[in-house]
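The chain contents come next:
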Protein chains: 2
Amino acid sequence: MGLIVQKFGGTSVANPERIRNVAKRVAKIFDQGNDLVVILSAMVGVTDGLIDLAKQMTASPDRRELDVLLSTGEQTTVALLAMTLKSMGYPTMSLLGFQAEVVTDCNHCNARIVDIGTNRIRDLLEKRSIVVVAGFQGCDADGNITTLGRGGSDTSAVAIAAALKADMCEIYTDVDGIYTADPNVCSKARKLSKVSCEEMLEMASVGAKVLHIRSVEFALKHNVPVYVRSSFNEEEGTMVVNGDHDMERPIVSAVTYSKNEARITLKKVPDQPGVAAKIFSSIADANINVDMIIQNTRAGGETDLTFTVPKSEFKRALDIEREIAKEIGAEKVLGDKDIAKVSVTGIGMKSHSGVALKMFRTLADENINIMMISTSEIRISCVVEEKKAELAVRTLHTAFGLDSE
Amino acid sequence: MGLIVQKFGGTSVANPERIRNVAKRVAKIFDQGNDLVVILSAMVGVTDGLIDLAKQMTASPDRRELDVLLSTGEQTTVALLAMTLKSMGYPTMSLLGFQAEVVTDCNHCNARIVDIGTNRIRDLLEKRSIVVVAGFQGCDADGNITTLGRGGSDTSAVAIAAALKADMCEIYTDVDGIYTADPNVCSKARKLSKVSCEEMLEMASVGAKVLHIRSVEFALKHNVPVYVRSSFNEEEGTMVVNGDHDMERPIVSAVTYSKNEARITLKKVPDQPGVAAKIFSSIADANINVDMIIQNTRAGGETDLTFTVPKSEFKRALDIEREIAKEIGAEKVLGDKDIAKVSVTGIGMKSHSGVALKMFRTLADENINIMMISTSEIRISCVVEEKKAELAVRTLHTAFGLDSE
């Protein structure tokens, strides 16, 4: 018995039948004597549908108003789940972001949680109510609705679990845990019974879609135990644990890939102090995240500068850089959306050398060209042609000894 | 130039194209130098769709949670209109019920506005923003979302106009004004250029669907000039004015009908003090509005008692009365959903007698049986068989000299 936060993703609440299944699952845990806070996403596809609707009105919808629109998705599912639990005889109440006092900054469409006032949730829990909270959404200090960006419901769940000092945050999704690679791409992928927050953080940052990266940051920072499992079966999932863990330690734990980025290159940038700052300050002002950056010095006091941005921000970033290229006298701006980032991650890398070399050789042997490289202490990522991403994943999975028997 | 509140109904915002037309209409009035608050309904059909969705979860959805669900309809349209106006270069902001400080009682699904805090709207108007407010919704003192019942957006509009002391409240709808009868039923119906609040109130209470009855109450109480017109053309509409007005005064201004009610009869009710109170107190506790009541005394200290309730509450009311019939020893409870209420309304009735007699004779001449009768100072209503409603309207329209040339 304890205080459990459960989060159900978009496929778990995709239709009335599945919402009923979620209700049964929730009721079972509640009947065991646990206090429960349930965080929901929108029905799968709904957020995309709403973005489409907005785009029918205008190519660049105002972000504040887009948040007002998008937040209806989770509002719908929490109402449906709460009325279902009520009809089953369970005391329950839905709370929207502003009602649950999920306070964020005012960076619409990609807001960060700054505070969670837990009074209302605690009051309801004390009355033995099941509290159903809309994920993905919050409000800023002026009461404007904000959303946390794609996958934000995970972050809602872990942040609320942290604020409540919950005993466990269970993330129910359509996969039954964290795998050594995407099983859809790599048939030999294996499920991990445990993974460290640090590894999860690196994996999420490079394409493992199971958990929203900011949710893992929260879990790491606030020491929230996170358990990822499927809402469609009763199989064991994956525990995301803080710090090192006792699993058999391979050098590489997982191979991931991401097709969500695009590459922008400024050709023949004058090699002067302050130029790079100029190139990236407007991008930062527009709240576009730059991931990798590479600068090649050329002859004649000019350099080429290449960086990656989320594919969804590609056009905005390209427009901004075209302006800046004029200002600073760069020759031209090139863009490439057909790229993928393939990464190997493992806490074991800390104590092993030669992982990068092995990765580069493995890709070279398959004739896969590496366009960009970035590394962290426990991860190595290479940008390759988009069409070769799956081949790269499978080859690396085998090379690093991750294949199942 | 002045402060104008404009309300657009569900057909006016039915799709992106129509929302764009609303935006153009709003922009035109704004460009003339007016301050503007725009109230929107949900897209036509959306509220019904949401109710259907709720009914897929449970036959009797919890009313608090139903309000959370239903309020997404207006949330969607205000976001879409605001982002459209923004993209056209107009300063604007959407406000949901709680953000516009539309405070209601906590009678979910049929809440009444108790206060409107106008600070945020006034702040925005002072900055020359077009304020787009979600109709139909508010919040109670604890921040729970409430809705005002069917047609509630009219009430939102008039209440906000009253709170702001607006110069005009324009109700844009899919008809171009108030008619002497429903033109779909009576081809000879004429548009009224003016109608008094009192008449409008009576007409709204008996089936004229153009304005929500509570909106007219607000208009009457707070002296808000209301102008009903079409959002699809530029034709003159109908002014709803307070008090007597200068139009040529016919005895009857309009013939209306309603099929929204059902009849419940308790047979052989013991004729004792306190029995009627018992019969209606549970109905009142369940927040079901009773309209007409008739009691016929029979021989032997027993009476039959008949009353009407909204068709949507028929089942609930029937269940309640069946319980009560047992308690008080009434013989049985009968119900009839196939009824319609036909009404003639006119401020001119105040100074004319014989209107009731003429109505009864006209119906009798057409062989239409009158089941129940109710009257006010300026209205007479008869309950008839549902299938004879249209015939009754047309016959009365002619009999009271309302037909167009």
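About the thresholds
Residues numbered from 1 in each chain as written. Chains lettered and ligands numbered in written order. Predicted model: local features only at pLDDT ≥ 70, side-chain atom pairs only at ≥ 80, totals over all residues. Buried ≥ 20, exposed ≤ 12 C-beta atoms within 10 Å, placed from the backbone. Helix = DSSP H or I, 4+ residues; strand = E, 2+ residues; numbered from the N terminus. Pairing = 2+ DSSP bridges. Right-handed = clockwise from strand over helix to strand, strands pointing away. Axes fitted to C-alpha atoms, helices over the stretch in contact; angles between N-to-C directions. pLDDT = per-residue confidence, 0-100. Contact = placed C-beta atoms within 7 Å. Nonpolar A, V, L, I, M, F, W, Y, C, P; charged D, E, K, R; others polar. Core = buried A, V, L, I, M, F, W, Y, C linked by C-beta atoms within 7 Å. Least-squares fit on C-alpha atoms with pLDDT ≥ 70 in both.

### Quick notes on the pairing of strand 1 (residues 3–8) of chain B
Residues and elements named next belong to chain B.
Thinking step 1. Burial analysis of strand 1 places five of its six residues in the buried class, the great majority of the element.
Thinking step 2. Relative to strand 2 (residues 35–40), strand 1 is paired through six bridges, and the arrangement is parallel. Residue pairing for strand 2: L3 is matched across the bridge by D35.
Thinking step 3. The β-α-β motif built from strand 1, the intervening helix 1 (residues 16–31) and the parallel element strand 2 has right-handed crossover chirality.
Thinking step 4. Examined bridge by bridge, strand 1 and strand 9 (residues 168–173) share five bridges and lie parallel to one another. Looking at the pairing, V5 lines up with C169 of strand 9.

### Quick notes on the sheet that holds strand 18 (residues 302–310) of chain A
All names here are of chain A.
Thinking step 1. Spatial ordering of the open sheet is given by 17-18-16-19, a layout of four strands whose pairing is antiparallel. Both edges of this open sheet fall to strand 17 (293–297) and strand 19 (332–336), since each of them pairs with a single strand only. On average, adjacent strands in this sheet sit at an angle of 15 degrees to one another, irrespective of strand direction.

### Observations concerning the confidence of the model for chain A
Thinking step 1. Taken over all residues, the pLDDT of chain A has a mean of 91, while the share at 70 or more is 97%.
Thinking step 2. Here the prediction assigns the complex a pTM of 0.81, and the interface score ipTM is 0.80.

### Points about the interface of chain B and chain A
Thinking step 1. Counting from both sides, the interface comprises 27 residues of chain B and, opposite them, 27 residues of chain A.
Thinking step 2. Only helix 1, helix 2 (46–57), helix 3 (63–70) and helix 4 (72–87) of chain B provide two or more residues apiece to the side of chain B that touches chain A.
Thinking step 3. The element contributing the most residues to the side of chain B that touches chain A is helix 4 of chain B, with eleven residues.
Thinking step 4. Broken down by class, the residue content of the side of chain B that touches chain A amounts to 14 nonpolar, ten polar and three charged.

### Looking at the nonpolar core
Thinking step 1. By size, the foremost hydrophobic cluster in this structure holds 208 residues, and its most contacted members are L81 and I160 of chain A together with L81 and V133 of chain B.
Thinking step 2. No other element matches the eight residues that helix 6 (residues 152–164) of chain B contributes to this core.
Thinking step 3. Residues contacting L81 of chain A, with those up to four places away along its chain left out, are I19, V22, A23, V38, L40 and V132 of chain A.

### Considering the relation of the copies chain B and chain A
Each of the two chain copies goes to the other by way of a rotation about an axis and a shift along it.
Thinking step 1. Overlay of chain B on chain A (RMSD 0.1 Å): rotation 180 degrees, translation along the axis 0.0 Å. What we have between these two chains is a two-fold relation. No C-alpha of chain B lies nearer the rotation axis than that of T72 of chain B, which sits 2.7 Å from it.

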